[in-house]
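Chain and residue survey
Next come the chains, spelled out residue by residue.
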Amino acid sequence: DVKVTQSSRYLVKRTGEKVFLECVQDMDHENMFWYRQDPGLGLRLIYFSYDVKMKEKGDIPEGYSVSREKKERFSLILESASTNQTSMYLCASRIRSGAGYTFGSGTRLTVV
Amino acid sequence: DQQVKQNSPSLSVQEGRISILNCDYTNSMFDYFLWYKKYPAEGPTFLISISSIKDKNEDGRFTVFLNKSAKHLSLHIVPSQPGDSAVYFCAALKEYGNKLVFGAGTILRVKS
């Protein structure tokens, strides 16, 4: 069973803080993704990565950056957290071919 | 620009009856369509998918129908069970570009 692990289930951060959200997968998947989920908007893609060191902007990259130094780990960075970044953040991974994504359990981030 | 739309925010169904969840898309270039199920405080879990070259795929109580001319797909759950109560996301995938695009989700409530 593929496992995608997000290090924190709940986080509360202050406005202006630098925030790191960590995601680790254990199945040697090349592709990893960060989404945020907001009511009425579904899941929106922030960034994704095809392989180590590679990254591409998704649909809403503003205010975020990512890091993929090792294949199994994909980090989402909020450079200066703002209240409009309060959301549920979901990490996913998949093998290069095939249609299935595996999601982590999510991190509920609140910025105060 | 919403490429995948779920126009019903919620649906309520009696246990044992059929649940029909609908989804429309705008881009004819999608290769796969997928349905994910999500419980609160958990990540989405893959339910069923359909290739763009097919019009029906069945897996147990779940059947997905694809109408390419109408750019419409639907998920049928028969018979519905209380444990099916969750948020259902429709998603579409273009293999080139490797991005999964989600709808806003539909909350399904199955009443016993």
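Let me sum up the structure you'll find in this document.

Each value, and the rule that gives it
Residues numbered from 1 in each chain as written. Chains lettered and ligands numbered in written order. Predicted model: local features only at pLDDT ≥ 70, side-chain atom pairs only at ≥ 80, totals over all residues. Heavy atoms only, no water. Buried < 20%, exposed > 50% of the residue type's maximum accessible area, 1.4 Å probe, protein only. Helix = DSSP H or I, 4+ residues; strand = E, 2+ residues; numbered from the N terminus. Pairing = 2+ DSSP bridges. Phe/Tyr/Trp six-rings, centres within 6.5 Å; stacked < 30°, edge-to-face > 60°. Axes fitted to C-alpha atoms, helices over the stretch in contact; angles between N-to-C directions.

1. Some words on the pairing of strand 8 (residues 72-77) of chain B
Residues and elements named next belong to chain B. When you tally the buried positions in strand 8, you get five out of six residues, the bulk of the element. In this structure, strand 3 (residues 19-25) lies alongside strand 8, joined through six bridges in antiparallel fashion. Directly across from Ser19, in strand 8, lies its bridge partner Ile77. Where strand 7 (residues 62-67) and strand 8 come together, six bridges link them in antiparallel fashion. Across the sheet, the residue bridging to Phe65 is Ser74, located in strand 8.

2. Comments concerning the packing of aromatic side chains
According to the stated counting rule, one finds 15 aromatic pairs over all chains in the structure shown. For the pair A:Phe33 and A:Tyr101, a centre-to-centre distance of 4.5 Å together with 25 degrees between the ring planes defines the contact as stacked. Pair noted here: A:Phe33 is in strand 4 (residues 31-38) and A:Tyr101 is in the loop between strand 9 (87-94) and strand 10 (102-103), with a separation of 68 residues, a long-range link. By relative accessible area, which is 0% here, A:Phe33 ends up buried. An aromatic cluster is defined as three or more aromatic residues linked by ring pairs; in this entry it consists of A:Phe33, A:Tyr35, A:Phe48, A:Tyr50, A:Tyr101, A:Phe103, B:Tyr36, B:Phe46, B:Phe89 and B:Phe102.

3. Comments concerning the sheet that holds strand 8 (residues 73-78) of chain A
Residues and elements named next belong to chain A. The antiparallel open sheet is built from four strands, whose spatial order is 1-3-8-7. Of all strands in the sheet, those bounded by a partner on one side alone are strand 1 (4-6) and strand 7 (64-70). Between one strand axis and the next, the sheet turns by 20 degrees as a mean value, whatever way the strands run. Both strand 1 and strand 3 (residues 19-25) contribute to a ladder of three bridges, which runs antiparallel. Paired with Val4 across the strands is Gln25, a residue of strand 3.

It is worth stressing that arrangement in space is one thing and function is another; only the former is reported here.
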